[in-house]
Amino acid sequence: MNRIDRALQATPRIEFLPPTARIRAASDVPLSIGFGQTNSQPSVVRQMLEWLDPKPGEKILDVGSGSGWTTALLVYLVGPKGIVYAVEKIPQLVRIGVKNCKRAGAWNAHFFKAGAGYGLPRFAPYDRILVSAAATELPSTLLDQLKIGGRMVIPIENSIHVIEKVTTTIIEDVEHPGFLFVPLVP
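Rules and cut-offs
Residues numbered from 1 in each chain as written. Predicted model: local features only at pLDDT ≥ 70, side-chain atom pairs only at ≥ 80, totals over all residues. Heavy atoms only, no water. Helix = DSSP H or I, 4+ residues; strand = E, 2+ residues; numbered from the N terminus. Polar contact = N/O pair within 3.5 Å; in protein donor to acceptor, adjacent residues only side chain to side chain. Contact = heavy atoms within 4.5 Å. Buried < 20%, exposed > 50% of the residue type's maximum accessible area, 1.4 Å probe, protein only. Core = buried A, V, L, I, M, F, W, Y, C linked by side-chain atoms within 4.5 Å. Pairing = 2+ DSSP bridges. Axes fitted to C-alpha atoms, helices over the stretch in contact; angles between N-to-C directions. Parallel < 35°, antiparallel > 145°, perpendicular 65-115°, else oblique. Left-handed = near helix turned anticlockwise from the far one by under 90°.

S.K.: Help me get a handle on the side chain of Glu164, residues and values and all.
M.R.: Here Glu164 is to be found in strand β8 (residues 159-165). Of note is the side chain of Glu164, whose polar atom sits 2.4 Å from the side chain of Arg151. If we ignore the near neighbours within four places in the chain, the residues touching Glu164 are Gly149, Gly150, Arg151, Ile170, Ile171 and Glu172.

As structure tokens, this is what we get:
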């Protein structure tokens, strides 16, 4: 079993769903967490984490943290020496994410209500950035928050892009089409 599978096993999705959605926790489909937001389907979360390839000790930004499931998975993957900053637009979901991560033992997760722009510039640069909502184009503000040599996984329209920041002006972009996400709101 690889690290991603161990993280998924150690961090059950059911613990991050509202009671009304828990009966479908094992289904490989997006599930509503309220407020017009979803908990992404497990196979897509798994694939995004594979592409992100978080390492122990890294500093990661989780954009659109929702109910905290991806945040808790990232905390597991970076281990006790890593840190995960989670940002979410909806205040109620920030509170839910904090509660869920504390209950899951994800103590090195720090939640913030998203501001007017994308990300969380005050703690940048990040080794990795995971975005769980679809942008219409690559947000330059998120790219600015990624360290050189860092990686971002972000849905853009109906594709998931794996962005490698080679230098301040050069990026590598691998596109994986055929996905659907809720929209990323600035």
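S.K.: Pulling in residues and values, what's your account of unusual backbone geometry?
M.R.: For the bond running from Ala124 to Pro125, omega is 5°, close enough to zero to count as cis. A positive phi angle is found at Phe35, which is not glycine, with a value near 60°. Tracing the chain through its elements places Phe35 in the loop between β1 (31-34) and β2 (37-39). For Phe35, a relative accessible area of 41% corresponds to the partly exposed category. In this structure, Asp53 is a non-glycine residue whose phi angle is positive, near 55°. Mapped onto the elements of the fold, Asp53 is located in the loop between α2 (42-52) and β3 (59-63).

S.K.: Lay out the nonpolar core with the relevant residues and their values.
M.R.: Formed by 31 residues in total, the largest nonpolar core has its most connected members in Met48, Leu49, Leu74, Leu130, Val153, Ile160 and Phe181. Elements represented by at least two residues in this core include exactly α1 (3-10), α2, α3 (69-78), β4 (83-88), α4 (91-103), β5 (109-113) and β8. At seven residues, the largest contribution of residues to this core is made by α3. When near neighbours in sequence (up to four residues on either side) are disregarded, Ile160 contacts Val44, Met48, Trp51, Val153, Ile154, Pro155, Val174, Glu175, His176, Phe179 and Phe181.

S.K.: Tell me about the pairing of β1, residues and numbers included.
M.R.: In this structure, β1 lies alongside β2, joined through three bridges in antiparallel fashion. Paired with Gly34 across the two strands is Gln37, which belongs to β2. In this structure, the hairpin formed by β1 and β2 is closed by a connection of two residues, where Phe35 is found at a positive phi of approximately 60°.

S.K.: I'd like a rundown of the packing of α1 against α3, residues and numbers included.
M.R.: Where α1 meets α3, the closest approach of the two axes is 9 Å, and the angle between their N-to-C directions is 125°. Taken together, the axes of α1 and α3 are oblique relative to one another. Seen along the crossing, α1 lies across α3 with a hand that is right-handed. Across from Arg3, Ile4, Arg6, Ala7, Leu8 and Ala10 in α1, the residues of α3 making contact are Trp69, Leu73, Tyr76 and Leu77.

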